[in-house]
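Listed below, chain by chain, are the residues.
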Amino acid sequence: MSIKLVSFHLCPFVQRAVIALQEKGVSHEIDYIDLADPPTWFAQCSPLGKVPLLLIGDDVLFESSVILDYLDEIYQPRLHPSDPLLRAQHKAWIAFGSDLLMQQHALAVAEDEATFRDKLDLLDKNLRRLDLPIGQGLFGKSESLSMVDVAFAPLFLRLSILMAYRPEVASVYSAQVKGWAESLLARSSSQASVLPDFEARFESFFREKGSWAVASSAVSN
Ligand SMILES: N[C@@H](CCC(=O)N[C@@H](CS)C(=O)NCC(=O)O)C(=O)O
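Each value, and the rule that gives it
- Residues numbered from 1 in each chain as written.
- Predicted model: local features only at pLDDT ≥ 70, side-chain atom pairs only at ≥ 80, totals over all residues.
- Heavy atoms only, no water.
- Salt bridge = Lys/Arg side-chain N within 4 Å of Asp/Glu carboxyl O.
- Helix = DSSP H or I, 4+ residues; strand = E, 2+ residues; numbered from the N terminus.
- Buried < 20%, exposed > 50% of the residue type's maximum accessible area, 1.4 Å probe, protein only.
- Near = heavy atom within 4 Å.
- Polar contact = N/O pair within 3.5 Å; in protein donor to acceptor, adjacent residues only side chain to side chain.
- Areas by Shrake-Rupley, 256 points an atom, 1.4 Å probe, with all protein chains shown as cover.

**Q** Describe the pattern of salt bridges, listing the residues and the values that go with them.
**A** One pass over the full model with this rule turns up 11 salt bridges. In this structure, the salt-bridge partner of D69 is K91, at a minimum N-O distance of 3.4 Å. Taken together, the residues span a long stretch of sequence, with D69 in helix α3 (residues 64–74) and K91 in helix α4 (residues 84–109) at a distance of 22 residues. Residue D69 is classed as partly exposed on the basis of its relative accessible area, which comes to 21%. The exposure class of K91 is partly exposed, given its relative accessible area of 34%.

Following this line, the structure appears as structure tokens:
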């Protein structure tokens, strides 16, 4: 059965699916669309008008967490825990990770310093919530990859780029989260999950959106 992902180059939710496909060694195609000017077939296939879509033959799946669940049921190795309660807890933290991705986006598009600092405070407060489950060993263990890892790696990639523009972004990481983020970004599946020009695209996209972080950075100017 052919597997195709419908993607937008910078979408972190698509990147989750790419990482899962890489970790499971599933060959797939990626069809990149322009979300600002999507093709007509996209509106018919995507009820929410969002990527990712996973096209399995003629069937369509949407929502990144649902796509991850499907891939995990079909392809080895299993990345969700087999215990139902643990699995549900992992899915809950993946939903939390989706919220964090939206907060990271709000940080990246903040057009002035005051908004940027507000968004950074919010992200800081919420990232601290990860310390307890990591400390309890629920996820973030370097010896075994889980779907929580897959779901969080795109967040850490974007925060690492923002840190290069604004070093104060690094303050949102506790020691535990920093260690977790670094180990995920070192994985070949994370590195191969975006195109080589990702950082340049990221910069030009957010610069165009009026990002204060990009515009004020000594690195990008
Ligand atoms: N909850 C969705 C979020 C997907 C999402 O927000 N995708 C963005 C791109 S990163 C999108 O397609 N936005 C288009 C739009 O909102 O019009 C998921 O997890 O798949």
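**Q** Please give an account of the site of the ligand that cites residues and values.
**A** Around the ligand lies a shell formed by C11, P12, F13, L35, G49, K50, V51, P52, E63 and S64. Within the backbone of V51, a nitrogen or oxygen atom sits 2.9 Å from an oxygen atom of the ligand. Side-chain polar atom of E63 to a nitrogen atom of the ligand: 3.0 Å apart, as the coordinates give it. For the ligand, the accessible surface in isolation is 510 Å², of which the surrounding protein chains cover 71%.

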